Structure formats: C-alpha cells, structure tokens
Amino acid sequence: MTGLNRRRFLLSGSGAAVGAAVTATGPASAAPATARPARATATAAPEAVVVTRTDSRYGDLISGLNQRFVADPDRVVLPRTTEQVVDAVQRAVDEGKRLSIRGGGHCFEDFVFHSETQVVIDMRLMDRVSFDTDRSAFAVEGGATLLHVYESLYEGWGVTLPGGACYSVGVGGHVSGGGYGMLSRAHGLTVDHLHAVEVVVVGADRRARSVVATRDPRDPHHDLFWAHTGAGGGNFGVITRYWFRSPDATGDDPRTLLPAPPAEVFIASAAWPWDDITKEGFTGLLEHYGTWLEEHSDASSPYTGLCSWLMPNHRATGDITLLAQMDATTADAPRLLREFCDGLTTALGLNDTVRVPERVGTPARSRYVTVQRLPWLRATRYVGTGSPTQTDPNMRGKHKSAYHRKGFTRAQIDTLHQHLTTAEQHSRIAGLVIPSTGGRIASVAPDATAVAQRDAIMKVTYEAYWDDPADDDTNIRWVREVYADVYAATGGVPVPDDRTDGCYVNYPDADLGDPRFNRSSVPWHHLYYKDNYRRLRQVKRRWDPNDVFRHRQSVRL
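What counts and what doesn't
Residues numbered from 1 in each chain as written. Predicted model: local features only at pLDDT ≥ 70, side-chain atom pairs only at ≥ 80, totals over all residues. Heavy atoms only, no water. Helix = DSSP H or I, 4+ residues; strand = E, 2+ residues; numbered from the N terminus. Rg over C-alpha atoms; globule rule 2.2 N^0.38 Å. Buried < 20%, exposed > 50% of the residue type's maximum accessible area, 1.4 Å probe, protein only. Areas by Shrake-Rupley, 256 points an atom, 1.4 Å probe, with all protein chains shown as cover. Pairing = 2+ DSSP bridges. Axes fitted to C-alpha atoms, helices over the stretch in contact; angles between N-to-C directions. Contact = heavy atoms within 4.5 Å. Arc of directions from axis to C-beta. Core = buried A, V, L, I, M, F, W, Y, C linked by side-chain atoms within 4.5 Å. Parallel < 35°, antiparallel > 145°, perpendicular 65-115°, else oblique. Left-handed = near helix turned anticlockwise from the far one by under 90°. Nonpolar A, V, L, I, M, F, W, Y, C, P; charged D, E, K, R; others polar. Phe/Tyr/Trp six-rings, centres within 6.5 Å; stacked < 30°, edge-to-face > 60°. Lys NZ or Arg CZ within 6 Å of the ring centre and 35° of its normal.

So, the overall build of the protein chain
Moving on, step 1. Across its full length, the protein chain holds 15 helices and 17 strands.
Moving on, step 2. Here the C-alpha atoms of the protein chain give a radius of gyration of 22 Å, agreeing with the 24 Å that 2.2 N^0.38 yields for 557 residues.
Moving on, step 3. In terms of principal-axis extent, the alpha carbons of the protein chain reach across some 65 × 60 × 45 Å.
Moving on, step 4. Residues counted as buried form 65% of the 557 residues belonging to the protein chain.
Moving on, step 5. As displayed, the protein chain has an accessible area near 19,800 Å², and 47% of this comes from carbon and sulfur atoms.

Things to note about the environment of Phe 108
Moving on, step 1. Tracing the chain through its elements places Phe 108 in the loop between β3 (99–102) and β4 (119–122).
Moving on, step 2. The exposure class assigned to Phe 108 is buried, which follows from its relative accessible area of 4%.
Moving on, step 3. Placed 119 residues apart in sequence, Phe 108 and Ala 227 show a C-alpha to C-alpha distance of 21 Å.

So, the sheet that holds strand β2 (residues 75–78)
Moving on, step 1. The four strands are arranged β1-β2-β4-β3 in an open sheet whose pairing can be described as mixed. In this open sheet, the two edge strands, each paired with only one partner strand, are β1 (49–52) and β3. For this sheet, the mean inter-axis angle between neighbouring strands, taken without regard to orientation, is 20°.
Moving on, step 2. Across four bridges, β3 lies against β4 in parallel orientation.

Quick word on the packing of helix α8 (residues 279–295) against helix α9 (residues 333–347)
Moving on, step 1. The interhelical angle for the contact between α8 and α9, taken along N-to-C directions, is 145°, at an axis separation of 7 Å. On α9, the residues that touch Gly 281, Gly 284, Leu 285, His 288, Tyr 289 and Trp 292 of α8 are Phe 340, Gly 343, Leu 344 and Ala 347.

Let's talk about helix α15 (residues 533–543)
Moving on, step 1. Among the residues of α15, those classed as buried are Tyr 533, Leu 536, Val 539, Lys 540 and Trp 543. Buried positions in α15, seen along its axis, are confined to an arc of 110° and lie on one side of it.
Moving on, step 2. Looking at the buried positions of α15, the neighbouring elements they touch are β7 (194–202), β8 (208–214), α7 (222–227) and α14 (524–529).

Topic: the nonpolar core
Moving on, step 1. If you look at the biggest cluster of nonpolar residues, it comprises 129 residues, and the most contacted ones within it are Trp 272, Phe 340, Phe 408 and Tyr 462.
Moving on, step 2. If we ignore the near neighbours within four places in the chain, the residues touching Phe 340 are Tyr 289, Trp 292, Tyr 303, Leu 306, Ser 308, Leu 322 and Ala 324.
Moving on, step 3. In this structure, Val 85, Met 126, Val 202 and Ala 208 belong to the second largest nonpolar core, which totals 19 residues.

Some points on the packing of helix α12 (residues 410–421) against helix α13 (residues 472–486)
Moving on, step 1. Their axes nearest at 9 Å, the elements α12 and α13 cross at an angle of 160°. One way to sum up the angle between α12 and α13 is to call them roughly antiparallel. Between α12 and α13 lies a crossing whose hand is right-handed. Of α13, the residues touching α12 (which contributes Gln 412, Thr 415, Leu 416, His 419 and Leu 420) are Trp 478, Glu 481, Val 482, Asp 485 and Val 486.
Moving on, step 2. Grouping the amino acids of the contact of α12 with α13 by side-chain chemistry returns five nonpolar, three polar and two charged.

What to know about the packing of aromatic side chains
Moving on, step 1. Within this structure, the stated rule accounts for 19 aromatic pairs.
Moving on, step 2. For the ring pair Tyr 403 and Tyr 504, a centre distance of 6.0 Å and an interplane angle of 75° mean the geometry is edge-to-face. Of this pair, Tyr 403 sits in strand β15 (residues 396–404) while Tyr 504 is found in the loop between α13 and α14, placing the two residues 101 residues apart along the sequence. By the burial criterion, Tyr 403 is buried, and Tyr 504 matches it.
Moving on, step 3. The ring of Trp 243 has Arg 135 sitting right over it, with the charged end atom 4.7 Å from the ring centre.
Moving on, step 4. Directly above the ring of Tyr 504 sits Lys 459, whose terminal nitrogen or CZ lies 3.8 Å from the centroid.

Examining the sheet that holds β15
Moving on, step 1. Across the sheet, which stays open at both edges, the eight strands sit in the order β13-β14-β10-β12-β11-β16-β17-β15 with antiparallel pairing between neighbours. In this open sheet, the two edge strands, each paired with only one partner strand, are β13 (364–365) and β15.
Moving on, step 2. Sheet topology note: the strand β16 (residues 429–435)/strand β17 (residues 458–466) ladder contains five bridges and is antiparallel. Within β17, the position partnered with Ala 430 by the bridge is Ala 464.

A short note on the pairing of strand β14 (residues 369–375)
Moving on, step 1. Among the seven residues that make up β14, five are buried, leaving the element largely enclosed by the rest of the structure.
Moving on, step 2. As defined by bridge partners, strand β10 (residues 264–272) adjoins β14 across seven bridges and the pair is classed as antiparallel. Note that in β14 the partner of Ala 270 across the bridge is Val 369.
Moving on, step 3. Pairing between β13 and β14: two bridges, direction antiparallel. Directly across from Arg 365, in β14, lies its bridge partner Thr 370.
Moving on, step 4. Between β13 and β14, which pair antiparallel in sequence order, lie three residues.

Laid out in structure tokens, this is it:
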C-alpha cells in the first residue's frame, strides 16, 4: 500500500475551516510544564499584517487547500490580537466590503475564497495555546492548527482534545462544526469539552465588538456559545479564542481538566489489493463492517478505544485500505485488535492472521496488515502528517458526506462496487472514507449541542482528488453520480431516517441546496442540522442581524 493511500483519509478527517478559527500525569509538581512559546508574545503585539495585490505574499494568501477555489480580494488581513480583528471587521463593514474568514484553509467548498470575496481575515498568526488561570481552562486561539494544539497540550500538561487527525486543520472551523477524531469514540466530540468561545460580532448598529460566550446556561450569551458547538464556521462572527475544559472536570489542576490520551496506541494499516477481491468479497467486507459497527456502537463496548477508517478506493487509483488506532492500554487490546482486523480480512474471503507487536518500535507484518505500537504523540504525528493531498500545491477536490445509523444495504453495496470498479478515472484518488463513530459521541443529546447526529455508527465521505483543471468536470461528475445512486431511494441524499442521518457540516457540499442533485423534499439545512436549525436562525438574528458573516450555506436570517 502506498503512503498516499495509507493516509488518504487524513484530508477527509479535516474540518471545514471557514471559521477563524486525559491524564497521563507525571510526577506531581508545584507548577505544570508550559507549552512551547507561541510566535508572538501576549503583550505589545505588533500591528496586524495587511497584504494587498502588490505584495509578494498575496498569491500565497488567496486560496486554501482546494485549488478549485481562488479569490481576488482587495486585501488579506492577518491579525495578531482580538482587538486587531475587531478593527479589521469594523473597517470592512464601514467600507461595505464582503468579508471572508480563513482558519486552516481546509474548507471543501468556496465558502472563503469566491468571486465576491473582498477582504479575507486570515487567522493563522493567532495560534497561541495556554492555560487561563482565571477560567481554569485551556485557551486556544482561533488560528491554531490541530497538531500544534495537540503538541502544546500534551507536552505541557499531559492532556489532549478528541479532535481530527489532519495536522494542518485550523481549530476555528473544525471545532465550531463539532470536531471528530481518533479519540472521539472514547471521549466524544471536541465541542463536548468546549467551555467558552470569544467571537467578534457585528450588531444591529453595525459596530464590531468581541463577546465571550460560555457553557453556563445562565450566561446571557449562552445561545452564541451553543451555536458554536456544531453550526460550522463563517456564520456568526470571527472566532478568536476557544476555552476548553471537560464538563465533568473539577478543581483547577490543568493536568486533570481535559482527557488524557492513552500512553501507547496500536496503529494498524491494511491494504487489500483489488486483484485479490471478488464482488462477493467486497460485499462481505462492507456488510461485515456495518454489522460490526452496529454491534459496537455503545460506549460500553470493549472497542470504545478503537477508531477505524475503512477506505474502499477506486480500483484504478488504489487498494481497499484500512487505518485503525487502538488504545494499547485497554485490557486485552492485542486480541481485540487482532479479531477486528482478521474479521475484515475473512469477510473479504482472504486468508491472513494479524500479528500484534508487544513492544514499541518493532512493526509486525502479516500478508495484508501492518501493526505498530507507538507512544500516543508519536502516533498522532505519524498519521497526521506526510499526506501528499495536504501538501500538493495543485490539489483539487470534490467531497460529499453522509451519516449512517446502519450499514449499507445490499443494493447500495452493489452500486458502490459498480462505481468503484467500472467507471474510468482521471484522479489521483477516488473512493470512500468510512470512519467509525458511536461510543461517547452518542452519550450527548442531539439538542445539547448544535451537532444533531449523535447516534450514527459511521460517517461516510465520497471524494476525489486530482491536479489538472481539465479534469474538473469528469471527477466532480463521478462523485455526484456515485452519491446520487447510493441514495437514489431518498432523492439522491442521505435523508434522516432509520438508516441515514443527513450530512456533516464540516464536509460541506453546495450541491445539497441544488434541486438537480437534491431531489428529496428535505432542504440542505435539515441535512446538516435537523431540528437544531430553528434555534440557529434565532442566534443568527440576534448576533448577526445584518448578515455580515455569510457564505453559500451559512445560517439564514
């Protein structure tokens, strides 16, 4: 299996960055270790950076990861403080300029970089991670990227957040859309640990100001906090800072206030060549995977510490692959992981027995599966970096998503097999990414946060990546056709019912609002938010009454 296919899931693990963005305790000490210093100190911050078309940096700041979308703004502002964000927003409002906010740059649609973009507020210089003693919570600025957050929290205090795997995703959009990652089955979504959020908003008087909204339901700004627990970025204002503290945490010792990752994890990567796979084997694999997830979706399962990503790639672009992470400190973890991997290979009709290493640093390989035992942070860096789809300067892509409450039907599996084995491909990568959900994610009520899809067993992404603009139409059409055919019985989209549960807002898809592609009677906002959309509109009317912060699928007034 190539490195490209082994880690192709990482880009899909990213959140749409259109917003600005536990305890492995060591010896007790009087003061916790401090995280690595941020780029700028908290005092006497330099002025914001303003880049215009004549600046040599301009070309690097007018697009994100997906090169299908490039803007031509009058200026790009890179603030260093909340006050500078307020000033940048106020100037744009006074001038009547259309604003966009860039966090990590991973938005799958043109919500940041589009033809109407006139001012981009780029949050990447605001990336500090610290412990706020006044709030007894960890403060993370809106432009911080996930790996920087993980390294800072873990190296400084031995804690982490259950966020995404992709290293360069910005927290602004990732967290505000819910935030899912390798530890979510064990610890829930990132927003389940959100304590407060600072947002620069524009009131009815068209004046910009910063507001801190907290988890406390008695907070008069609590509705703004709730909206940032799943609505996605770019809806209400510029996210300048998050504070994190687990809701069941007590005291003020930072080493106990967020989840502790396992000291060691197993990383299993599998590659099953298409030449070894029959149609019956493909059917067996997807049926077994769906059934397994249904049986182990409860938080009491011994597999809560396992997160798996099954990737049925198109035959022309790769093998069928798997990447799984298992808490190595779980009782009987080697046997559990071996039985999980062997079950998938057996379902394919293949013969293999997985070997699991006893020590760190000695990979164990069988015919199809390689298992490594690694310290948690080393594993996080390993799976989170090195994906060419994150560093390719010409990468173009199209994505669609679906939450599933149950596995694929036989008819859906037949449809997938046809599209993955017969259609001509003009892409570097094409196929599906099917990560496991469930576990602690389902322990939170659908209306407790803005994330309504809590009882799904898996989250499916349909995607293609390519380099040449001449291949845009072919690849976009392929993704649209396989998605439409899989969900043909419900109008071409995964309508919330007993089998599917809508779409993931952090994998945005503008097609959901187009009647050519969404032939159901269910609007795009119900696919993302279900019944939570009514409350989100109330928040929008209160906090952004002039619709300053908007994109093609922003919450509507």
